[in-house]
Amino acid sequence: MTVVKSPLPEPARQVTFDALQGTLVDLLGISLIGKQAHWNIVGPRFRSIHLQLDEVVTTARAFADTVAERAAALGLPPDGRPETIASAFTLPSPKEGWLRDEDVVRVIAETLGAAIDRLRERIGTTEKADPVTQDLLIGITAELEKQRWMFEAENWPRED
């Protein structure tokens, strides 16, 4: 059933759908792991990182909504069901249980870095298929890079 007619030709429609759906899964997953870490963080930097995690979650949720609505506007049904996210999410995640503050910083920076790598690939694939979606993905990437930078700065100086 097609409710909304897509303005995109079929090959561009599929490329755009894949980029938007993958981004939706990543963003919803980031919001979930951000909350998991938020609830389970312990350590001397608890408060500042606890609050910083709320910023990541708020950002991810807002962008997830924008991405899903972009897909719907193009006649592409977004899928944010829990079973879809559970089966498709493959970014780094925190372990179960209490999480040391330095471990939270590390895993969130890794997760954001992996999501950014995927977004940069999707930016490339949507360049010709749908420049409007590409622009959306560029904006999301810029904000996630800012969030990653803030987490990476928490672990300075690094030991590596």
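Each value, and the rule that gives it
- Residues numbered from 1 in each chain as written.
- Predicted model: local features only at pLDDT ≥ 70, side-chain atom pairs only at ≥ 80, totals over all residues.
- Heavy atoms only, no water.
- Helix = DSSP H or I, 4+ residues; strand = E, 2+ residues; numbered from the N terminus.
- Rg over C-alpha atoms; globule rule 2.2 N^0.38 Å.
- Contact = heavy atoms within 4.5 Å.
- Salt bridge = Lys/Arg side-chain N within 4 Å of Asp/Glu carboxyl O.
- Buried < 20%, exposed > 50% of the residue type's maximum accessible area, 1.4 Å probe, protein only.
- Expected span 1.5 Å × (residues − 1).

Chemist: Outline the overall build of the protein chain, supporting the account with residue identities and numerical values.
Modeler: Helices and strands together make up the secondary structure of the protein chain, namely 5 helices and 2 strands. Secondary structure of the protein chain in N-to-C order comes out as α-β-α-α-β-α-α. Over its C-alpha atoms the protein chain spans a radius of gyration of 17 Å, differing by no more than 12% from the 15 Å that the globule rule assigns to 160 residues. If you line up the protein chain on its principal axes, its C-alpha atoms span 55 × 30 × 20 Å. Taking all contacts inside the protein chain whose residues are at least 6 apart in sequence as the whole, residues at least 24 apart take part in 80%.

Chemist: For the pattern of salt bridges, give the residues involved together with the corresponding values.
Modeler: Taken as a whole, this structure holds 13 salt bridges when the rule is applied. Notably, a salt bridge pairs arginine 106 with glutamate 110, separated by 3.4 Å at the nearest N-O pair. With a gap of 4 residues between them, arginine 106 and glutamate 110 both fall in helix H4 (residues 101–129), about one helical turn apart. A relative accessible area of 37% means that glutamate 110 is categorised as partly exposed. With its nearest N and O atoms 3.9 Å apart, the salt bridge here joins arginine 148 to glutamate 152. Of this pair, arginine 148 and glutamate 152 both sit in helix H5 (residues 131–154), 4 residues apart, roughly one helical turn. Exposure remark for arginine 148: the relative accessible area of 23% places this residue in the partly exposed category. Judged by its relative accessible area of 32%, glutamate 152 falls in the partly exposed class. Because the salt bridges share partners, they merge into one network encompassing Asp26, Arg118 and Arg122.

Chemist: Which residues make up the environment of isoleucine 49, and what values go with them?
Modeler: By the secondary structure assignment, isoleucine 49 is in helix H2 (residues 46–73). For isoleucine 49 and glutamate 102, which are 53 residues apart along the polypeptide, the C-alpha to C-alpha distance reads 9.5 Å. Those residues within four positions of isoleucine 49 in sequence are excluded, and the remaining contacts are Ile41, Asp101, Val104, Val105, Phe151 and Glu154.

Chemist: So what's going on with H5? Residues and values would help.
Modeler: An ideal rise of 1.5 Å per residue puts 34 Å on 24 residues; H5 measures up with 35 Å between its terminal C-alpha atoms. All buried positions along H5 are accounted for by Thr133, Gln134, Leu136, Leu137, Ile140, Thr141, Leu144, Gln147 and Phe151. Check the buried side of H5 and you find it contacts helix H1 (10–40), H2 and H4.

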